[in-house]
Amino acid sequence: MPPPPPPSTSTSSSSLTGTSSPAASRTTPPQQRQPLRPRIRAGPAPDACVPIAVNDDLHPLLVDSPLATARLAVRVRNYAGDPDPGDGAAAGSGDGNDAPQPPQSLRTCPYFSVPDRRRNFSVMLQVRFRQDVAVDDLMFGVFFDRRVGLPPLAWMPLKAATLIDPAFTHDLTSDRPWGFSPALCAMNMLTVREPPDATAAAAAAAVSQPGDDILGPWEWGGTVELKEDHELLWRGCGDRVPVPKFPRDNLTERRRFFHNKKNRAETMLLKDLVYTMEIFAPFIDFNLIQLNLAGLKVDMQRYLNGQAFHFMFKAKSLDTCVACVKYELV
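Residues numbered from 1 in each chain as written. Predicted model: local features only at pLDDT ≥ 70, side-chain atom pairs only at ≥ 80, totals over all residues. Heavy atoms only, no water.

A. Representation of the sheet that holds strand β4 (residues 68-76) within the structure. Reading across from one edge, β3-β4-β5-β12-β10 is the order of the five strands in this open sheet, with antiparallel pairing throughout. In this open sheet, the two strands that pair with only one neighbour each are β3 (61-64) and β10 (189-193). Between one strand axis and the next, the sheet turns through 20 degrees on average, direction left out of account. Relative to strand β12 (residues 274-281), strand β5 (residues 121-129) is paired through seven bridges, and the arrangement is antiparallel. The residue bridging Gln 126 from the neighbouring strand is Thr 276, located in β12. (Pairing = 2+ DSSP bridges. Helix = DSSP H or I, 4+ residues; strand = E, 2+ residues; numbered from the N terminus. Axes fitted to C-alpha atoms, helices over the stretch in contact; angles between N-to-C directions.)

B. The nonpolar core, seen in detail. Within the largest apolar cluster, 63 residues are counted, with the highest numbers of intra-cluster contacts made by Phe 129, Tyr 275, Met 277 and Phe 311. Setting aside its immediate chain neighbours within four residues, Phe 129 contacts Leu 67, Ala 68, Leu 138, Leu 269, Lys 271, Tyr 275 and Val 322. Grouped together as the second largest cluster of nonpolar side chains are 10 residues, Phe 112, Trp 218, Trp 220 and Phe 280 included. (Core = buried A, V, L, I, M, F, W, Y, C linked by side-chain atoms within 4.5 Å. Buried < 20%, exposed > 50% of the residue type's maximum accessible area, 1.4 Å probe, protein only. Contact = heavy atoms within 4.5 Å.)

C. Main features of the pairing of strand β16 (residues 309-315). For β16, a buried count of six out of seven residues is recorded, marking the element as mostly surrounded by other parts of the structure. Two strands pair when backbone bridges link them, and β16 and strand β17 (residues 320-329) are joined in this way by seven bridges, in the antiparallel orientation. From the neighbouring strand, His 310 faces β17, where its bridge partner is Lys 326. Taking the residues between adjacent antiparallel strands as the criterion, β16 and β17 are bridged by four residues, where Asp 319 takes a positive phi near 50 degrees.

D. Seen up close, the packing of aromatic side chains. Applying the stated rule across the entire model yields 20 aromatic pairs. Summarising the aromatic geometry, the rings of Trp 234 and Phe 246 are spaced 5.7 Å apart at their centres and angled 80 degrees between planes, so their arrangement reads as edge-to-face. On the criterion of sequence distance, the pair formed by Trp 234 in the loop between α6 (212-215) and α7 (251-258) and Phe 246 in the loop between α6 and α7 is long-range, its members being 12 residues apart. Of the two residues, Trp 234 and Phe 246, both sit in the buried class. Taken together, a centroid distance of 6.0 Å and an interplanar angle of 80 degrees make the contact between Phe 309 and Phe 311 edge-to-face. The structure contains a cluster of three or more aromatic residues connected by ring pairs, namely Phe 121, Phe 140, Phe 144, Phe 286, Phe 309, Phe 311, Phe 313 and Tyr 327. Across from the ring centre of Phe 280, 3.6 Å away, lies the NZ or CZ of Arg 119, which sits over that ring. Here the guanidinium or amino end of Lys 314 rests over the ring plane of Phe 180, the centre of that ring lying 4.3 Å away. (Phe/Tyr/Trp six-rings, centres within 6.5 Å; stacked < 30°, edge-to-face > 60°. Lys NZ or Arg CZ within 6 Å of the ring centre and 35° of its normal.)

E. How the structure looks around the pattern of salt bridges. Scanning the entire structure with this criterion turns up 19 salt bridges. Across the pair Arg 130 and Asp 64 runs a salt bridge whose closest N-O atoms are separated by 3.1 Å. Here Asp 64 lies in strand β3 and Arg 130 lies in the loop between β5 and β6 (133-134), a separation of 66 residues in the sequence. Where Arg 75 meets Glu 278, a salt bridge forms, and the shortest distance between an N and an O atom there is 3.4 Å. In this pair, Arg 75 is assigned in strand β4 and Glu 278 in strand β12, connecting sequence segments 203 residues apart. Glu 278 sits in the buried class, given a relative accessible area of 1%. Each member of the salt-bridge network shares a partner with another, and the members are Asp 136, Lys 261, Arg 264 and Lys 316. (Salt bridge = Lys/Arg side-chain N within 4 Å of Asp/Glu carboxyl O.)

F. Structural context of α7. Within α7, the full set of buried residues consists of Arg 254, Arg 255, Phe 257 and Phe 258. Projected down its long axis, α7 shows its buried positions confined to an angular sector of 160 degrees, all on one face. Buried-residue contacts for α7 involve α4 (183-186), β10 and α8 (261-266). Regarding α7, its N-cap is Asn 250, as a side-chain oxygen of that residue lies 3.2 Å from the backbone nitrogen of Thr 252 further along. (Arc of directions from axis to C-beta. Polar contact = N/O pair within 3.5 Å; in protein donor to acceptor, adjacent residues only side chain to side chain.)

G. How the structure looks around unusual backbone geometry. A positive phi is found at Asn 78, a non-glycine position, where the angle reads about 50 degrees. If you trace the backbone, Asn 78 turns up in the loop between β4 and β5.

H. Representation of the environment of Leu 329 within the structure. Among the structural elements, Leu 329 can be located in strand β17. Between the C-alpha atoms of Leu 329 and Leu 288, which are 41 residues apart in sequence, the distance is 7.7 Å. With sequence-adjacent residues up to four places away left out, Leu 329 is seen in contact with Leu 36, Arg 37, Pro 38, Asn 287, Leu 288, Ile 289 and Gln 301.

I. Fine view of the confidence of the model for the protein. Chain-level statistics for the protein give a pLDDT mean of 83 and a share of 79% at 70 or above. Note that residues 4-25 has pLDDT below 50 and, in this model, four contacts with residues that lie over four places away or in other chains. Contacts for the low-pLDDT stretch residues 84-94, under 50 throughout, to residues beyond four places or in other chains number 20 contacts. (pLDDT = per-residue confidence, 0-100.)

Now the structure itself:
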């Protein structure tokens, strides 16, 4: 086998003159990695989520599922995400047949302007069921599609959660980790109202806000907040449980009442009432997917293995999703 040829000793004219050829002088700068931004979608099931206009709480997303008609409103303090043109409706083509654009999120809203308000997020659900559902059956919580890591001392917030809400259960070490509580134990606010009558429903069918004919007008947005008013909730007790005597705006007693499984099992959410509920908290930053627990900041992205996580309202006995909100960084 002949030996390999010796290295070339030829020198280009450009190197001899101390100049570089245009091709040699052009170098591709290293690509800077763009920071991840939040993306929030919502819908009737985890695999049917669409863009939602975060912080546009005057225009909630209408969600139809097999079990209910509902509306969702999502707020995030100083929201740093915006609709992804590749997600949901396609961007306009300029040919006169443009598809509608995804809903536009807002950076903030008046909800976060209330003095001394420490809330970082809010999820509101307004729902009317197609059949009566036991309070014990309607669950709210978080789940993941794949395994997650657990940060050190993860047992501490879980222990605190179960002390605050004894009905909270979880399995964060399974292949599809989850943590759920009966929704009426978890919700910070709850209002129960009559649905629109036939005349009001017919009139509402002509207005622009989707769902008015089934749920009635959407009232909670801008500077109008949801307040606790659960008086009509006790219609679902029937003769099974004594009607509680605490005030209609006492959310602490409402939660305590439903910590009792018998009370949950024997109180029904009726198909002829409309339930509006809200959960909020100061310790989750959805711009970073970060927990802030007593000053200790935990970057949850380190433990989620790049996956999204979901807030879900579901009927556990029917294994049916009522509504879902999906959070991720992209």
